[in-house]
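Chain by chain, the residues run as shown.
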Amino acid sequence: KQEVTQIPAALSVPEGENLVLNCSFTDSAIYNLQWFRQDPGKGLTSLLLIQSSQREQTSGRLNASLDKSSGRSTLYIAASQPGDSATYLCAVQPGGSYIPTFGRGTSLIVHP
Amino acid sequence: NAGVTQTPKFRVLKTGQSMTLLCAQDMNHEYMYWYRQDPGMGLRLIHYSVGEGTTAKGEVPDGYNVSRLKKQNFLLGLESAAPSQTSVYFCASSSLLLATSYNEQFFGPGTRLTVL
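Rules used in this analysis
- Residues numbered from 1 in each chain as written.
- Chains lettered and ligands numbered in written order.
- Predicted model: local features only at pLDDT ≥ 70, side-chain atom pairs only at ≥ 80, totals over all residues.
- Heavy atoms only, no water.
- Disulfide = S-S within 2.5 Å.
- Helix = DSSP H or I, 4+ residues; strand = E, 2+ residues; numbered from the N terminus.
- Buried < 20%, exposed > 50% of the residue type's maximum accessible area, 1.4 Å probe, protein only.
- Polar contact = N/O pair within 3.5 Å; in protein donor to acceptor, adjacent residues only side chain to side chain.
- Contact = heavy atoms within 4.5 Å.
- Pairing = 2+ DSSP bridges.
- Axes fitted to C-alpha atoms, helices over the stretch in contact; angles between N-to-C directions.
- Phe/Tyr/Trp six-rings, centres within 6.5 Å; stacked < 30°, edge-to-face > 60°.
- Buried area = accessible area lost by both parts, 1.4 Å probe.
- Nonpolar A, V, L, I, M, F, W, Y, C, P; charged D, E, K, R; others polar.

(A) Looking closely at the state of the cysteines. Residue and element names in this part refer to chain A. Considering all chains together, one arrives at two disulfides over all chains under this definition. For C23, the disulfide goes to C90, at an S-S distance of 2.0 Å. Judged by the sign of its S-S torsion, about 75 degrees, the cystine formed by C23 and C90 is right-handed. In this pair, C23 sits in strand β3 (residues 19-25) while C90 sits in strand β9 (residues 86-94), placing the two residues 67 residues apart along the sequence. Given the relative accessible area of 0%, C90 is considered buried.

(B) Structural view of the side chain of S49 of chain B. All names here are of chain B. Mapped onto the elements, S49 comes out in strand β5 (residues 42-51). Only 3.0 Å separates the side chain of S49 from the backbone oxygen of G51, close enough to count as a polar contact. A polar contact is formed between the side chain of S49 and the side chain of R68, at a distance of 2.9 Å. Setting aside its immediate chain neighbours within four residues, S49 contacts E30, Y31, M32, T54, T55, R68 and F74.

(C) A look at the sheet that holds strand β1 (residues 4-7) of chain B. Residue and element names in this part refer to chain B. The strand order β1-β3-β8-β7 describes an open sheet built from four strands, whose pairing is antiparallel. Edge positions in the sheet fall to β1 and β7 (64-67), since each has one partner strand and no second. Neighbour-to-neighbour, the strand axes of this sheet turn through a mean angle of 20 degrees, independent of strand direction. When strand β3 (residues 19-25) meets strand β8 (residues 73-78), the two strands line up antiparallel, connected through six bridges. Note that in β8 the partner of C23 across the bridge is F74.

(D) Geometry of the packing of aromatic side chains. A complete count under the given rule lists nine aromatic pairs over all chains for this structure. Centroid distance F102 of chain A to Y35 of chain B: 5.5 Å. Interplanar angle 80 degrees. Geometry classified as edge-to-face. Of the two residues, F102 of chain A is situated in strand β10 (residues 101-102) and Y35 of chain B in strand β4 (residues 31-38); the pairing between them involves two chains. Both residues of the pair, F102 of chain A and Y35 of chain B, belong to the buried class. Residues Y33 of chain B and Y35 of chain B carry aromatic rings whose centres are separated by 6.1 Å and whose planes lie at 20 degrees to one another, so their mutual orientation is stacked. With a relative accessible area of 0%, Y33 of chain B lands in the buried category. Under the relative-accessibility criterion, Y35 of chain B is labelled buried at 1%. Ring-pair connections join several aromatic residues into one group, and the members of that group are F36 and F102 of chain A together with Y33, Y35, F90 and F107 of chain B.

(E) Quick look at the interface of chain A and chain B. Taken together, the 18 residues of chain A in the interface contact 22 residues of chain B. Taken together, the two surfaces of chain A and chain B that pack against each other cover about 1700 Å², and 59% of this comes from carbon and sulfur. Linking chain A with chain B are six residue pairs in polar contact (both at pLDDT 80 or more). For the side of chain A that touches chain B, the elements supplying multiple residues, two or more each, are β4 (30-38) and β5 (44-51) of chain A. Of the residues assigned to the side of chain A that touches chain B, the class counts are eight nonpolar, eight polar and two charged.

Shown next as structure tokens:
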């Protein structure tokens, strides 16, 4: 059974820092990995999706990488801003399944 | 394009009451999902559907029923609500058939349900 772990569970950083959020998974036979952002009291917003054949995806200040062999993905946020404060979740979809497995998320606070 | 919408946004029920949550998507997605999110438990899959007229159980299906009579709608029913069903419910949809979609999941805004 696929297990997805996100470390750290919470992170507080000053504005302007570059930061890395981690997502690890136990089964490397994946179809895709998706990163989401969730603001308090809101739904999940898709940030980036990496197909199994890709190594990274970029959107603005966000860069997500995927290393299937080590079972890891990282979400890099450049020049963090208070508006980046949210919970970030990763979800791994196994090959041959419609059902993604979600991590518990990393709660990020960027203070001015 | 409204994406994924959920009705209602908030609801308070008494124990034993029933209700139906509605999820609608306008992206022509084949797959639809119902999750619940609880503090410390993360997102847990309740039921899902891979197409019109089909449904399947997820991780925590007990106490819930679903129906997918139309491709764009996925209904979640609580026949006899219990306090343990107090949660935030999210609907999501995705597609493997649409070009470049790669089964990317799109979520609705959620329904906050309290059972007294």
